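In case you want the letters, here they are:
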Amino acid sequence: MNEQNITEKTKKDEVIGALLLDYAAGVLESPLEILVETHISLNAASAKQLRMLMQLGGILLEECEPVSLSEGALDAVMAEIARGEVDEQTAKQDNVVAFTPSHEAKDVTVAHLPRPLADYIPDLSCDKSWRKISKGLSQCRIQFDGTDVEANIYRIAPGTSIPVHSHEGTEVTLVLSGGFTDETGAFGPGDIAIQETGATHKPVADDDGECIVFAINEGNIRLASPIGRVLSYLVN
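Residues numbered from 1 in each chain as written. Predicted model: local features only at pLDDT ≥ 70, side-chain atom pairs only at ≥ 80, totals over all residues. Heavy atoms only, no water.

Description of the overall build of the protein
If you tally the helices and strands in the protein, you get six helices and 14 strands. Residue burial in the protein is summarised as follows: out of 236 residues, 39% are buried. Carbon and sulfur atoms form 54% of the exposed surface of the protein, whose accessible area is close to 13900 Å². (Helix = DSSP H or I, 4+ residues; strand = E, 2+ residues; numbered from the N terminus. Buried < 20%, exposed > 50% of the residue type's maximum accessible area, 1.4 Å probe, protein only. Areas by Shrake-Rupley, 256 points an atom, 1.4 Å probe, with all protein chains shown as cover.)

Side note on the packing of aromatic side chains
Ring pairs (aromatic) are described by centroid distance and by the angle formed between their planes. Taken as a whole and judged by the stated rule, the model has two aromatic pairs. Taken together, a centroid distance of 5.4 Å and an interplanar angle of 35° make the contact between Tyr 120 and Phe 144 tilted. Of this pair, Tyr 120 sits in the loop between strand S2 (111-114) and strand S3 (131-134) while Phe 144 sits in the loop between strand S4 (137-142) and strand S5 (150-156), placing them 24 residues apart in sequence. The exposure class of Phe 144 is buried, given its relative accessible area of 10%. Judged by centre distance (5.2 Å) and plane angle (25°), the ring pair of Phe 180 and Phe 187 falls under stacked. The exposure classification of Phe 180 matches that of Phe 187, with both residues buried. In this arrangement the basic side chain of Arg 155 is found over the ring face of Trp 130, its NZ or CZ atom lying 4.9 Å from the centre. (Phe/Tyr/Trp six-rings, centres within 6.5 Å; stacked < 30°, edge-to-face > 60°. Lys NZ or Arg CZ within 6 Å of the ring centre and 35° of its normal.)

Concerning the sheet that holds strand S6 (residues 165-167)
In space, the three strands of this open sheet follow the order S11-S6-S14, with antiparallel pairing throughout. The sheet is open, and its two edges are formed by strand S11 (200-201) and strand S14 (221-223), each paired on a single side. Pairing of S6 with S14, which is carried by three bridges, proceeds in the antiparallel orientation. The residue bridging His 167 from the neighbouring strand is Ile 221, located in S14. (Pairing = 2+ DSSP bridges.)

Section: the nonpolar core
Counting 28 residues, the largest nonpolar core has Ile 153 and Phe 214 as its most contacted members. Counting residues in hydrophobic clusters, the runner-up holds 15 residues, among them Ile 156, Ile 162, Cys 211 and Leu 223. (Core = buried A, V, L, I, M, F, W, Y, C linked by side-chain atoms within 4.5 Å.)

Things to note about the pattern of salt bridges
Tallying each qualifying case throughout the model produces three salt bridges. A salt bridge links Arg 155 to Glu 210; the shortest N-O distance between them is 2.9 Å. Taken together, the positions of Arg 155 in strand S5 and Glu 210 in the loop between strand S12 (204-205) and strand S13 (211-217) put the pair 55 residues apart, joining distant regions of the chain. With respect to burial, Arg 155 and Glu 210 carry one shared label: buried. (Salt bridge = Lys/Arg side-chain N within 4 Å of Asp/Glu carboxyl O.)

Observations concerning the side chain of His 39
Within the secondary structure layout, His 39 lies in helix H2 (residues 30-42). Ignoring anything within four residues of it in the chain, the contact list for His 39 reads Ile 16, Ser 46, Leu 174, Gly 190 and Ile 192. (Contact = heavy atoms within 4.5 Å.)

Thoughts on the pairing of S4
Buried residues dominate S4, accounting for five of its six residues. With three bridges connecting them, S3 and S4 associate as antiparallel partners. Residue pairing for S4: Arg 131 is matched across the bridge by Gln 139. Counting the residues between successive antiparallel strands, the hairpin from S3 to S4 contains two residues, one of them, Gly 136, with a positive phi of roughly 85°. Pairing of S4 with S5 involves six bridges; the strand directions are antiparallel. Across the sheet, Cys 140 pairs through a bridge with Ile 153, a residue of S5.

Coordinates in, geometry out; function isn't part of it.
Here is the structure:
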């Protein structure tokens, strides 16, 4: 592994580590919670890291002064523990929902959306679920109650280059299948990419298959070119 690859991996690990820590602390908004939970369903290393963080949180709680709990709190916790002890193989089989891509993406036969994300989306096999933004790029908006952030699933045809654009707020992107590269590195299934406010980039989907991502934006996307500025009205 060369120095550049090591640097990219370190940055990815730092990004994921920060998100897992925030998740364990319970400070993430609902869409980001779903993104992290979906990520750990795709990444065994992150799932292990999160378990360690939760165990550490339990140890710290034991050292705190006791407080009274609401009625039924213990029952809720025990039910959650019992649910987590479901047979691992059954859980793995039950963790993914398959959908058949629309006729606009005939080069892909089957794609998969992991739970819990799959529980929050419409029927993606229906063409009406998708809005075509430009050639090779389709969008499905996901509605979450009680939050101002925007959540979307994007389908990017193989080799498609997204126009250069910037972000008015932080963008967190989880790759569900396929992959893409941009100025910050290469991202594949289960990887998380973060663009900070004001960052500019130009993602390009890998050539070997459709790229499907789950993206959460705290602000609007601004495309730089004249055509891009027109597309901004469609994306936002």
